[in-house]
Amino acid sequence: MDPIRTLVLWCPDWPVAAAFTDHRDAGIELAEHRPVAVVDAGTVIACSQLARAEGVRRGQRRRDAQACCPELIVVPHDPVRDVRVFEPVADAVAELAAGVEVVRPGVAALAARGPAGYFGGEATAAERLVDHVATSCEVEAQVGIADGVFAATLAARAGVLVEPGDTPAFLAELDVRVLARPELVGLLRRLGIRTLGAFAALPAGDVLARFGFDAAVAHRLATGREQRLLAPRSVPPELSVREEFDDPVARVDTAAFLARSLAERLHERLAAHGLGATRLTIIAGTGNGEQLERTWRHDGLLGPGELADRLRWQLEGWLTRADRPTAGVTTLCLVPDGLVEHAGFQRRLWGEPGDEGADARRSITHVQGLLGPAGVLAAVLGGGRSPTELPRQVPFGDERVPALPPAPWPGRLPTPAPADVAAAGATVLAADGVPVGVTGRHQITASPATVAVGTGAPAAVLSWAGPWPAEERWWQPGEAQRLARIQVSLADGRALLLARSDGHWRVEASYD
């Protein structure tokens, strides 16, 4: 069976484009003439063209990126934002072609035969899709066509249409890094295998025996024969998961909680049959009879984490977009597709390596089922200036949206954030014993020499930094605040954040 001719629409630097669109829709200007990077867990996952020109690259640590580009604007990654902003793009593609599948936010795939036949050729269909998305969504996109989703996605990134039958040759010259499997790529490069062609030349049986099932999937992708593994099978009715809700679901936190439990049920049902899914169709019905449907595709197998993430992203995207449903979700159905046999789901006698994290997540989910979504909380850092403004407690598993937007805050303290938030009076003296103050121009009157917290003994100051002034809500009577903060490192090993307002010093937080 030959791979299906596939058309992929790819939006370059989608997390950055989604951030621009989201800020513009919210009335917040994100300067497009400034370099921008989207960061997740301290690592750059996407950057604008201006940022790349300054040396910023995907995979860089945030500190390294800011070192090579000091004017870089850093935007935290928000998967829900990526999905929500991509929904109109997927809808625009669906207006011209049927069977659209979202590979990930910014990438949509569909069979090329339909639009190519309707518009009179693959090149014409690609051009029409790009123009339609640009006109209706104001989004830049590229289209690629090749045999199979994996090759078509890479063709879209290169902006080429690969002729039928030429996909293996197209893939052969590409670096193994395009497999997006860091551990496997690192191992292959240590073995001297640097291109997909060299990887594809290895015997499939040896790859499976030596590297495991996921590497075997990657090997099929490298050979351009992915459709043989990922060929869809009929979905037995008992594999679908359906849930009806007495109370319509309209809250994002409730939707996130339901996503985890439904994803676990679907994964367990597939595992019981020794199956894995490469596609997931999400069907939601609302109280007013609206029907919402979206199909997600994955290069490999969708595990419980991937299932839960895609379901949560999609639900939050539907519930938070501008043209959101007019009523809450009353029915939800998950339909697995692209089924493959996966004996690897059968657990060994003593479990599988790396199961500890999954077991912990299942245990936490179980506790939340007993106590409710707010029974287990996690912290997320956001915007603001004061240490009390930065953290926010959110239910475990929910999207970690900060309480205040993480846009640049004048007067915000540099990283790292304090470890503990405290509240106590303090006395700060100079070397001559005179109290240290802050002038009306936010200048410190003398270098701090000793700090005494509360009624404790004074400790010598080894080093200090600041001040960071802040004048907040001066236009609001009763809420106006004018203060200055300094950091001090003391001889007794403590590192404190001190704030001065109304003529007094106080301890705001401490550092590890």
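Residues numbered from 1 in each chain as written. Predicted model: local features only at pLDDT ≥ 70, side-chain atom pairs only at ≥ 80, totals over all residues. Heavy atoms only, no water.

**A look at the packing of helix 11 (residues 204-211) against helix 12 (residues 213-223)**
In step 1: At a minimum axis separation of 7 Å, helix 11 and helix 12 run at an interaxial angle of 150°. Looking at the two axes, helix 11 sits roughly antiparallel to helix 12. In terms of crossing hand, the pair formed by helix 11 and helix 12 is right-handed. Contact residues: helix 11 offers Ala204, Val207, Leu208 and Phe211, while helix 12 offers Phe213, Ala215, Ala216 and His219.
In step 2: Residues of the contact of helix 11 with helix 12, tallied by class, amount to seven nonpolar, one polar and no charged. (Axes fitted to C-alpha atoms, helices over the stretch in contact; angles between N-to-C directions. Helix = DSSP H or I, 4+ residues; strand = E, 2+ residues; numbered from the N terminus. Parallel < 35°, antiparallel > 145°, perpendicular 65-115°, else oblique. Left-handed = near helix turned anticlockwise from the far one by under 90°. Contact = heavy atoms within 4.5 Å. Nonpolar A, V, L, I, M, F, W, Y, C, P; charged D, E, K, R; others polar.)

**Some points on the nonpolar core**
In step 1: Among the nonpolar cores identified, the biggest contains 57 residues, and Leu9 and Val89 are the most heavily contacted of them.
In step 2: The dominant element in this core, judged by the number of residues it contributes, is helix 4 (residues 79-96), at eight residues.
In step 3: For valine 89, the residues in contact, after removing those within four places along its chain, are Leu9, Cys11, Trp14, Val133, Cys137 and Val139.
In step 4: The next biggest cluster of nonpolar side chains, apart from the first, holds 28 residues, and it includes Ala109, Ala146, Leu184 and Phe199. (Core = buried A, V, L, I, M, F, W, Y, C linked by side-chain atoms within 4.5 Å. Buried < 20%, exposed > 50% of the residue type's maximum accessible area, 1.4 Å probe, protein only.)

**Re unusual backbone geometry**
In step 1: The amide bond that connects glycine 466 to the next residue, proline 467, takes the cis arrangement and shows omega of 0°.
In step 2: Residue position: proline 467 is located in strand 16 (residues 459-472).
In step 3: Phi angles above zero are rare outside glycine, and aspartate 13 is one such case at about 50°.
In step 4: In this fold, aspartate 13 is placed in the loop between strand 1 (5-10) and helix 1 (14-25).
In step 5: Given the relative accessible area of 25%, aspartate 13 is considered partly exposed.
In step 6: Of note in this structure, glutamate 138 is not a glycine but carries a positive phi near 55°.
In step 7: The residue glutamate 138 is located in the loop between helix 6 (122-137) and strand 7 (142-147) in this model.
In step 8: Among the residues examined, glutamate 138 registers a relative accessible area of 64% and is labelled exposed.

**Section: the confidence of the model for the protein**
In step 1: Model confidence for the protein is summarised by a mean pLDDT of 81, while 86% of its residues fall at 70 or above.
In step 2: Contacts from residues 227-235, a stretch scored under 50 in pLDDT, to residues over four places away or in other chains number 30 contacts.
In step 3: A low-confidence stretch, residues 343-356 stays under pLDDT 50, and its non-local contacts, those more than four residues away or across chains, total ten contacts. (pLDDT = per-residue confidence, 0-100.)

**Section: the sheet that holds strand 2 (residues 36-40)**
In step 1: The strand order across the open sheet built from three strands is 3-2-4, with neighbouring strands paired in mixed fashion. The open sheet is flanked by strand 3 (43-47) and strand 4 (73-76), the only strands paired with a single partner. The mean inter-strand angle of the sheet, taken between neighbouring strand axes irrespective of direction, is 40°.
In step 2: Two elements, strand 2 and strand 4, share four bridges in a ladder whose sense is parallel. Counterpart to valine 36 in the pairing with strand 4 is isoleucine 73. (Pairing = 2+ DSSP bridges.)

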